[in-house]
Amino acid sequence: MLSERRLEVLRAIVQDYVGTEEPVGSKALTERHNLGVSPATVRNDMAALEDEGFIAQPHTSAGRIPTEKGYRLFVDRLAGVKPMTAPERRAIQNFLDGAVDLDDVVGRTVRLLAQLTRQVAVVQYPSLTRSTVRHVELLSLAPARVMLVLITDTGRVEQRVIDCPAPFGETSLADLRARLNSRVAGRRFADVPQLVQDLPDAFEVEDRGTVATVLSTLLETLVEEAEERLMIGGTANLTRFGHDFPLTIRPVLEALEEQVVLLKLLGEAGDSSMTVRIGHENKYEGLNSTSVVSVGYGSGGEAVAKLGVVGPTRMDYPGTMGAVRAVARYVGQILAES
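Owing to the predicted nature of the structure, the values given are computational and were not obtained by experimental measurement.

Chemist: Let's hear about the packing of aromatic side chains: which residues, and what values?
Modeler: Each aromatic ring pair is specified by the distance between its two centres and by the angle formed by the two planes. Across all of its chains, the model carries one aromatic pair by this definition. Judged by centre distance (5.7 Å) and plane angle (50°), the rings of tyrosine 71 and tyrosine 317 are tilted. Here tyrosine 317 lies in helix α12 (residues 317-337) and tyrosine 71 lies in helix α4 (residues 68-78), a separation of 246 residues in the sequence. Here tyrosine 71 and tyrosine 317 have matching classes, each one buried. Geometry around phenylalanine 95 places arginine 108 over its ring, the cationic atom sitting 5.5 Å from the centre. Against the face of tyrosine 125 rests arginine 229, its NZ or CZ located 4.1 Å from the ring centre.

Pasting the structure below:
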(Lines give C-alpha, C1' and ligand atoms only; values in the text may rest on other atoms or scores of the structure.)
Protein backbone atom coordinates (compact mmCIF):
# COMPACT_ATOMS: atom_id res chain seq x y z
CA MET A 1 0.00 0.00 0.00
CA LEU A 2 1.17 3.54 -0.73
CA SER A 3 1.83 5.87 2.19
CA GLU A 4 -0.43 8.91 2.64
CA ARG A 5 2.41 11.17 1.49
CA ARG A 6 2.94 9.24 -1.74
CA LEU A 7 -0.82 9.35 -2.37
CA GLU A 8 -0.62 13.15 -1.94
CA VAL A 9 2.27 13.29 -4.42
CA LEU A 10 0.24 11.24 -6.92
CA ARG A 11 -2.78 13.50 -6.42
CA ALA A 12 -0.61 16.56 -7.08
CA ILE A 13 0.89 15.00 -10.24
CA VAL A 14 -2.56 14.14 -11.64
CA GLN A 15 -3.96 17.60 -10.87
CA ASP A 16 -0.98 19.40 -12.38
CA TYR A 17 -0.81 17.23 -15.49
CA VAL A 18 -4.56 17.56 -16.15
CA GLY A 19 -4.32 21.31 -15.62
CA THR A 20 -1.12 22.09 -17.57
CA GLU A 21 -0.83 19.20 -20.10
CA GLU A 22 2.90 19.23 -19.25
CA PRO A 23 4.84 16.36 -17.62
CA VAL A 24 5.37 17.22 -13.95
CA GLY A 25 8.78 17.53 -12.23
CA SER A 26 9.61 17.34 -8.50
CA LYS A 27 10.69 21.01 -8.35
CA ALA A 28 7.35 22.23 -9.76
CA LEU A 29 5.45 19.96 -7.36
CA THR A 30 7.18 21.35 -4.27
CA GLU A 31 6.64 24.91 -5.50
CA ARG A 32 2.93 24.48 -6.36
CA HIS A 33 1.80 22.18 -3.55
CA ASN A 34 2.25 22.35 0.19
CA LEU A 35 3.68 18.83 0.51
CA GLY A 36 5.75 19.69 3.57
CA VAL A 37 8.87 17.83 2.37
CA SER A 38 12.02 18.64 0.37
CA PRO A 39 12.30 18.23 -3.44
CA ALA A 40 14.71 15.32 -2.80
CA THR A 41 12.04 13.47 -0.79
CA VAL A 42 9.46 14.17 -3.52
CA ARG A 43 11.94 12.80 -6.09
CA ASN A 44 12.22 9.58 -4.04
CA ASP A 45 8.44 9.34 -3.78
CA MET A 46 8.13 9.84 -7.54
CA ALA A 47 10.71 7.10 -8.15
CA ALA A 48 8.66 4.74 -5.94
CA LEU A 49 5.42 5.68 -7.75
CA GLU A 50 7.14 5.04 -11.09
CA ASP A 51 8.47 1.65 -9.92
CA GLU A 52 4.94 0.64 -8.99
CA GLY A 53 3.52 1.75 -12.33
CA PHE A 54 1.44 4.74 -11.17
CA ILE A 55 3.43 7.32 -13.16
CA ALA A 56 5.72 7.15 -16.19
CA GLN A 57 8.30 9.21 -18.06
CA PRO A 58 6.80 9.95 -21.49
CA HIS A 59 10.11 10.73 -23.22
CA THR A 60 13.43 12.27 -22.28
CA SER A 61 11.67 15.11 -20.48
CA ALA A 62 12.45 15.31 -16.79
CA GLY A 63 8.77 15.25 -15.83
CA ARG A 64 6.37 12.38 -15.16
CA ILE A 65 2.76 11.77 -16.19
CA PRO A 66 0.08 9.53 -14.62
CA THR A 67 -0.46 6.06 -16.11
CA GLU A 68 -3.89 4.43 -16.42
CA LYS A 69 -3.09 2.66 -13.13
CA GLY A 70 -2.31 6.06 -11.57
CA TYR A 71 -5.58 7.59 -12.80
CA ARG A 72 -7.47 4.52 -11.49
CA LEU A 73 -6.03 4.96 -8.00
CA PHE A 74 -6.74 8.70 -8.19
CA VAL A 75 -10.41 8.09 -9.05
CA ASP A 76 -10.88 5.28 -6.51
CA ARG A 77 -9.03 6.79 -3.54
CA LEU A 78 -8.27 10.46 -4.07
CA ALA A 79 -10.86 12.17 -6.24
CA GLY A 80 -14.02 13.41 -4.62
CA VAL A 81 -16.94 14.35 -6.87
CA LYS A 82 -16.70 18.12 -7.31
CA PRO A 83 -20.11 19.64 -6.51
CA MET A 84 -21.60 22.14 -8.95
CA THR A 85 -21.84 25.76 -7.76
CA ALA A 86 -25.29 27.28 -7.13
CA PRO A 87 -25.14 29.38 -10.37
CA GLU A 88 -24.12 26.25 -12.34
CA ARG A 89 -27.02 24.29 -10.86
CA ARG A 90 -29.46 27.10 -11.70
CA ALA A 91 -28.11 27.24 -15.27
CA ILE A 92 -28.60 23.47 -15.68
CA GLN A 93 -32.14 23.65 -14.35
CA ASN A 94 -33.13 26.66 -16.49
CA PHE A 95 -31.69 25.09 -19.63
CA LEU A 96 -33.44 21.74 -19.13
CA ASP A 97 -36.73 23.23 -17.90
CA GLY A 98 -37.38 24.71 -21.34
CA ALA A 99 -37.69 21.26 -22.97
CA VAL A 100 -41.03 20.58 -24.66
CA ASP A 101 -40.88 16.79 -25.13
CA LEU A 102 -38.62 13.78 -24.63
CA ASP A 103 -36.55 14.36 -27.81
CA ASP A 104 -35.97 17.93 -26.66
CA VAL A 105 -34.98 16.74 -23.14
CA VAL A 106 -32.43 14.30 -24.60
CA GLY A 107 -31.13 16.86 -27.13
CA ARG A 108 -30.69 19.57 -24.49
CA THR A 109 -29.03 17.10 -22.11
CA VAL A 110 -26.43 16.16 -24.75
CA ARG A 111 -25.64 19.81 -25.54
CA LEU A 112 -25.45 20.72 -21.86
CA LEU A 113 -23.14 17.82 -20.92
CA ALA A 114 -20.83 18.54 -23.87
CA GLN A 115 -20.63 22.23 -22.87
CA LEU A 116 -20.11 21.61 -19.14
CA THR A 117 -17.42 18.94 -19.52
CA ARG A 118 -16.00 19.95 -22.94
CA GLN A 119 -15.99 16.23 -23.80
CA VAL A 120 -18.17 14.05 -26.03
CA ALA A 121 -21.60 13.57 -24.43
CA VAL A 122 -23.69 10.42 -24.91
CA VAL A 123 -27.30 10.13 -23.70
CA GLN A 124 -29.37 6.96 -23.97
CA TYR A 125 -33.12 7.41 -24.47
CA PRO A 126 -35.16 5.96 -21.60
CA SER A 127 -35.39 2.26 -22.32
CA LEU A 128 -38.92 1.13 -22.94
CA THR A 129 -38.16 -2.35 -21.61
CA ARG A 130 -37.99 -0.67 -18.21
CA SER A 131 -40.84 1.77 -18.91
CA THR A 132 -44.46 1.57 -17.87
CA VAL A 133 -47.61 2.55 -19.75
CA ARG A 134 -49.07 5.83 -18.54
CA HIS A 135 -52.11 5.86 -20.85
CA VAL A 136 -53.43 4.42 -24.11
CA GLU A 137 -55.70 6.72 -26.12
CA LEU A 138 -57.93 5.48 -28.98
CA LEU A 139 -59.41 8.02 -31.40
CA SER A 140 -61.90 7.35 -34.21
CA LEU A 141 -60.69 8.76 -37.55
CA ALA A 142 -63.35 7.05 -39.73
CA PRO A 143 -65.89 4.23 -39.17
CA ALA A 144 -63.15 1.61 -39.72
CA ARG A 145 -60.02 3.67 -38.88
CA VAL A 146 -58.62 4.23 -35.40
CA MET A 147 -55.59 6.13 -34.12
CA LEU A 148 -53.74 4.51 -31.20
CA VAL A 149 -51.66 6.82 -29.00
CA LEU A 150 -49.33 5.21 -26.44
CA ILE A 151 -47.94 7.45 -23.66
CA THR A 152 -45.17 6.10 -21.39
CA ASP A 153 -44.13 7.11 -17.87
CA THR A 154 -40.99 8.75 -19.29
CA GLY A 155 -43.03 11.05 -21.53
CA ARG A 156 -42.52 9.16 -24.78
CA VAL A 157 -45.50 9.33 -27.17
CA GLU A 158 -46.07 6.83 -29.99
CA GLN A 159 -48.89 7.06 -32.56
CA ARG A 160 -50.20 4.43 -34.98
CA VAL A 161 -53.12 4.54 -37.43
CA ILE A 162 -55.04 1.25 -37.61
CA ASP A 163 -57.27 0.04 -40.45
CA CYS A 164 -59.91 -2.11 -38.76
CA PRO A 165 -61.48 -5.21 -40.40
CA ALA A 166 -64.98 -3.77 -39.80
CA PRO A 167 -66.64 -0.51 -38.68
CA PHE A 168 -66.21 0.10 -34.96
CA GLY A 169 -68.66 2.39 -33.16
CA GLU A 170 -67.80 5.15 -30.66
CA THR A 171 -69.43 3.23 -27.79
CA SER A 172 -67.35 0.11 -28.50
CA LEU A 173 -64.23 2.28 -28.85
CA ALA A 174 -64.88 3.98 -25.48
CA ASP A 175 -65.44 0.54 -23.91
CA LEU A 176 -62.15 -0.79 -25.36
CA ARG A 177 -60.27 2.32 -24.23
CA ALA A 178 -61.58 1.98 -20.66
CA ARG A 179 -60.95 -1.77 -20.42
CA LEU A 180 -57.47 -1.45 -21.95
CA ASN A 181 -56.35 1.32 -19.57
CA SER A 182 -57.76 -0.45 -16.51
CA ARG A 183 -55.50 -3.39 -17.36
CA VAL A 184 -52.29 -1.76 -18.61
CA ALA A 185 -52.01 1.74 -17.08
CA GLY A 186 -49.06 1.81 -14.68
CA ARG A 187 -47.86 -1.63 -15.77
CA ARG A 188 -44.48 -2.50 -17.34
CA PHE A 189 -44.27 -3.08 -21.07
CA ALA A 190 -43.09 -6.63 -20.51
CA ASP A 191 -46.31 -7.46 -18.63
CA VAL A 192 -48.75 -6.05 -21.21
CA PRO A 193 -49.07 -9.11 -23.56
CA GLN A 194 -50.23 -11.30 -20.68
CA LEU A 195 -52.62 -8.66 -19.37
CA VAL A 196 -54.53 -8.18 -22.65
CA GLN A 197 -54.52 -11.68 -24.19
CA ASP A 198 -58.16 -12.51 -23.25
CA LEU A 199 -59.53 -8.96 -23.83
CA PRO A 200 -61.25 -9.78 -27.20
CA ASP A 201 -63.46 -12.32 -25.37
CA ALA A 202 -65.10 -9.46 -23.46
CA PHE A 203 -66.56 -8.04 -26.72
CA GLU A 204 -69.37 -9.02 -29.10
CA VAL A 205 -68.32 -11.55 -31.76
CA GLU A 206 -68.51 -8.98 -34.59
CA ASP A 207 -66.13 -6.62 -32.73
CA ARG A 208 -63.50 -9.17 -31.73
CA GLY A 209 -61.55 -8.91 -35.02
CA THR A 210 -61.13 -5.16 -34.55
CA VAL A 211 -60.18 -5.51 -30.86
CA ALA A 212 -57.56 -8.13 -31.81
CA THR A 213 -56.17 -5.81 -34.54
CA VAL A 214 -55.87 -2.89 -32.08
CA LEU A 215 -54.14 -5.12 -29.51
CA SER A 216 -51.67 -6.57 -32.03
CA THR A 217 -50.77 -2.99 -33.12
CA LEU A 218 -50.23 -2.02 -29.48
CA LEU A 219 -47.96 -5.02 -28.88
CA GLU A 220 -46.00 -4.35 -32.10
CA THR A 221 -45.47 -0.76 -30.94
CA LEU A 222 -44.08 -1.97 -27.62
CA VAL A 223 -41.66 -4.35 -29.36
CA GLU A 224 -40.50 -1.78 -31.95
CA GLU A 225 -39.87 0.80 -29.27
CA ALA A 226 -37.84 -1.55 -27.10
CA GLU A 227 -34.86 -0.84 -29.39
CA GLU A 228 -32.27 1.25 -27.60
CA ARG A 229 -31.62 4.74 -28.98
CA LEU A 230 -28.81 7.18 -28.27
CA MET A 231 -27.97 10.78 -28.92
CA ILE A 232 -24.38 11.98 -29.09
CA GLY A 233 -22.93 15.49 -29.16
CA GLY A 234 -19.71 17.43 -28.78
CA THR A 235 -17.49 15.21 -30.96
CA ALA A 236 -15.76 18.41 -32.12
CA ASN A 237 -14.44 18.72 -28.54
CA LEU A 238 -12.09 15.79 -29.29
CA THR A 239 -10.10 17.89 -31.73
CA ARG A 240 -8.94 20.05 -28.79
CA PHE A 241 -7.27 16.96 -27.33
CA GLY A 242 -5.45 15.80 -30.49
CA HIS A 243 -2.13 15.30 -28.68
CA ASP A 244 -3.85 13.14 -26.00
CA PHE A 245 -4.49 10.38 -28.51
CA PRO A 246 -1.38 8.36 -29.41
CA LEU A 247 -1.64 8.39 -33.21
CA THR A 248 -4.88 9.93 -34.39
CA ILE A 249 -8.41 10.50 -33.14
CA ARG A 250 -9.85 8.51 -36.06
CA PRO A 251 -10.28 5.19 -34.09
CA VAL A 252 -12.12 7.15 -31.38
CA LEU A 253 -14.44 8.79 -33.92
CA GLU A 254 -15.10 5.44 -35.60
CA ALA A 255 -15.94 3.84 -32.24
CA LEU A 256 -18.32 6.70 -31.42
CA GLU A 257 -20.27 5.93 -34.61
CA GLU A 258 -20.99 2.38 -33.39
CA GLN A 259 -24.20 2.55 -31.39
CA VAL A 260 -23.74 -0.97 -29.98
CA VAL A 261 -20.26 -0.06 -28.72
CA LEU A 262 -21.60 3.06 -27.00
CA LEU A 263 -24.46 1.17 -25.33
CA LYS A 264 -21.96 -1.36 -23.95
CA LEU A 265 -19.70 1.49 -22.80
CA LEU A 266 -22.46 3.17 -20.84
CA GLY A 267 -23.22 -0.15 -19.15
CA GLU A 268 -26.45 -1.74 -17.97
CA ALA A 269 -29.19 0.89 -17.93
CA GLY A 270 -30.78 -0.45 -14.73
CA ASP A 271 -27.60 0.30 -12.79
CA SER A 272 -27.77 3.87 -11.46
CA SER A 273 -24.28 4.03 -9.89
CA MET A 274 -21.47 6.18 -11.25
CA THR A 275 -19.02 4.23 -13.43
CA VAL A 276 -15.57 5.45 -14.52
CA ARG A 277 -13.74 3.33 -17.10
CA ILE A 278 -10.17 4.35 -17.84
CA GLY A 279 -8.14 3.53 -20.98
CA HIS A 280 -7.83 -0.22 -21.55
CA GLU A 281 -10.72 -0.92 -19.16
CA ASN A 282 -12.79 0.02 -22.22
CA LYS A 283 -12.87 -3.27 -24.10
CA TYR A 284 -13.30 -1.65 -27.53
CA GLU A 285 -9.88 -1.10 -29.11
CA GLY A 286 -10.68 2.30 -30.61
CA LEU A 287 -11.43 3.66 -27.15
CA ASN A 288 -8.30 2.41 -25.34
CA SER A 289 -7.00 5.97 -25.14
CA THR A 290 -10.22 7.38 -23.64
CA SER A 291 -12.02 7.47 -20.31
CA VAL A 292 -15.78 7.07 -19.98
CA VAL A 293 -17.77 8.49 -17.05
CA SER A 294 -21.40 7.34 -16.94
CA VAL A 295 -24.33 7.23 -14.53
CA GLY A 296 -27.95 6.07 -14.62
CA TYR A 297 -30.88 8.49 -14.62
CA GLY A 298 -34.59 7.98 -14.12
CA SER A 299 -37.74 9.04 -12.33
CA GLY A 300 -38.07 7.74 -8.79
CA GLY A 301 -35.32 5.49 -7.49
CA GLU A 302 -34.86 3.38 -10.62
CA ALA A 303 -32.59 4.16 -13.56
CA VAL A 304 -34.30 3.89 -16.97
CA ALA A 305 -31.22 4.80 -19.03
CA LYS A 306 -27.61 6.00 -18.84
CA LEU A 307 -25.83 9.20 -19.77
CA GLY A 308 -22.14 10.00 -19.76
CA VAL A 309 -19.12 11.51 -21.42
CA VAL A 310 -16.15 10.21 -23.38
CA GLY A 311 -12.84 12.06 -23.31
CA PRO A 312 -9.08 11.54 -23.05
CA THR A 313 -7.65 9.74 -20.00
CA ARG A 314 -6.13 13.14 -19.07
CA MET A 315 -9.50 14.25 -17.76
CA ASP A 316 -10.67 16.45 -14.90
CA TYR A 317 -12.30 13.47 -13.14
CA PRO A 318 -13.80 15.27 -10.10
CA GLY A 319 -15.34 18.01 -12.29
CA THR A 320 -16.58 15.58 -14.95
CA MET A 321 -18.09 13.23 -12.35
CA GLY A 322 -19.81 16.19 -10.67
CA ALA A 323 -21.29 17.49 -13.94
CA VAL A 324 -22.48 14.04 -15.07
CA ARG A 325 -24.11 13.35 -11.69
CA ALA A 326 -25.80 16.78 -11.49
CA VAL A 327 -27.22 16.58 -15.03
CA ALA A 328 -28.51 13.03 -14.44
CA ARG A 329 -30.28 14.22 -11.30
CA TYR A 330 -32.05 17.08 -13.09
CA VAL A 331 -33.06 14.92 -16.06
CA GLY A 332 -34.54 12.43 -13.58
CA GLN A 333 -36.55 15.23 -11.92
CA ILE A 334 -37.90 16.38 -15.30
CA LEU A 335 -38.99 12.85 -16.20
CA ALA A 336 -40.70 12.47 -12.81
CA GLU A 337 -42.62 15.74 -13.32
CA SER A 338 -43.49 15.26 -17.01
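From this point, things continue past the structure.
Chemist: I'd like a description of helix α7 (residues 170-184), backed by residues and values.
Modeler: With 15 residues, α7 should reach 21 Å at 1.5 Å per residue; the first-to-last C-alpha distance of 21 Å fits that figure. Along α7, the residues that are buried comprise Ser172, Leu173, Leu176, Leu180, Asn181 and Val184. Across the axial projection of α7, the buried residues extend over an arc of 155°, all falling on one side. Exposed and oriented more than 90 degrees from the buried face of α7 are Thr171 and Ser182.

Chemist: Explain the sheet that holds strand β10 (residues 305-312) to me, using residue names and the numbers behind them.
Modeler: Spatially, the five strands line up as an open sheet ordered β7-β3-β10-β9-β8, and their pairing is antiparallel. Edge positions in the sheet fall to β7 (230-233) and β8 (275-278), since each of these pairs with one other strand and no more. The sheet shows a mean angle of 15° between the axes of neighbouring strands, direction not considered. Both strand β3 (residues 120-124) and β10 contribute to a ladder of four bridges, which runs antiparallel. Its bridge partner being in β10, alanine 121 is matched across the sheet by valine 309.

Chemist: How would you sum up the packing of helix α5 (residues 86-97) against helix α6 (residues 102-117)? Please name residues and give values.
Modeler: Two elements in contact, α5 and α6, have axes separated by 9 Å at closest approach and are oriented at 150°. On the basis of their axis angle, the class for α5 and α6 is roughly antiparallel. The element α5 and its partner α6 pack so that their crossing is right-handed. Packed against α5, whose contacting residues are Ile92, Phe95 and Leu96, the element α6 presents Val105, Arg108, Thr109, Arg111, Leu112 and Leu116 at the interface. When grouped by side-chain class, the residues that make up the contact of α5 with α6 number six nonpolar, one polar and two charged.

Chemist: Run through the side chain of threonine 290, naming residues and quoting values.
Modeler: For threonine 290, the position within the fold is in strand β9 (residues 290-297). A relative accessible area of 0% means that threonine 290 is categorised as buried. Within the structure, threonine 290 has its side chain in polar contact with the backbone oxygen of leucine 287 (distance 2.8 Å). If near-sequence neighbours (up to four positions away) are discounted, threonine 290 is found in contact with Phe245, Val252, Arg277, Ile278, Gly279, Asn282, Val310, Gly311, Pro312 and Thr313.

Chemist: With reference to specific residues and values, describe the packing of α5 against α12.
Modeler: Relative orientation of the contacting elements α5 and α12 amounts to 40°, with a least axis distance of 10 Å. One way to sum up the angle between α5 and α12 is to call them oblique. When you trace α5 past α12, the crossing you get is right-handed. Contacts between α5 and α12 involve Arg89, Ile92, Gln93, Leu96 and Asp97 on the former and, on the latter, Ala326, Val327, Tyr330, Val331 and Ile334.

Chemist: Quick rundown of the nonpolar core? Include the residues and the values.
Modeler: With 58 residues, the main nonpolar core has Leu29, Leu307 and Tyr317 as its most contacted residues. Of all the elements, α12 adds the most residues to this core, at eleven residues. When near neighbours in sequence (up to four residues on either side) are disregarded, leucine 29 contacts Val9, Ala12, Ile13, Asp16, Val24, Leu35, Val42 and Met46. Among the nonpolar cores identified, the runner-up in size contains 23 residues, and Leu148, Ile162, Cys164 and Leu218 belong to it.

How each quantity is defined
Residues numbered from 1 in each chain as written. Predicted model: local features only at pLDDT ≥ 70, side-chain atom pairs only at ≥ 80, totals over all residues. Heavy atoms only, no water. Phe/Tyr/Trp six-rings, centres within 6.5 Å; stacked < 30°, edge-to-face > 60°. Helix = DSSP H or I, 4+ residues; strand = E, 2+ residues; numbered from the N terminus. Buried < 20%, exposed > 50% of the residue type's maximum accessible area, 1.4 Å probe, protein only. Lys NZ or Arg CZ within 6 Å of the ring centre and 35° of its normal. Expected span 1.5 Å × (residues − 1). Arc of directions from axis to C-beta. Pairing = 2+ DSSP bridges. Axes fitted to C-alpha atoms, helices over the stretch in contact; angles between N-to-C directions. Parallel < 35°, antiparallel > 145°, perpendicular 65-115°, else oblique. Left-handed = near helix turned anticlockwise from the far one by under 90°. Contact = heavy atoms within 4.5 Å. Nonpolar A, V, L, I, M, F, W, Y, C, P; charged D, E, K, R; others polar. Polar contact = N/O pair within 3.5 Å; in protein donor to acceptor, adjacent residues only side chain to side chain. Core = buried A, V, L, I, M, F, W, Y, C linked by side-chain atoms within 4.5 Å.

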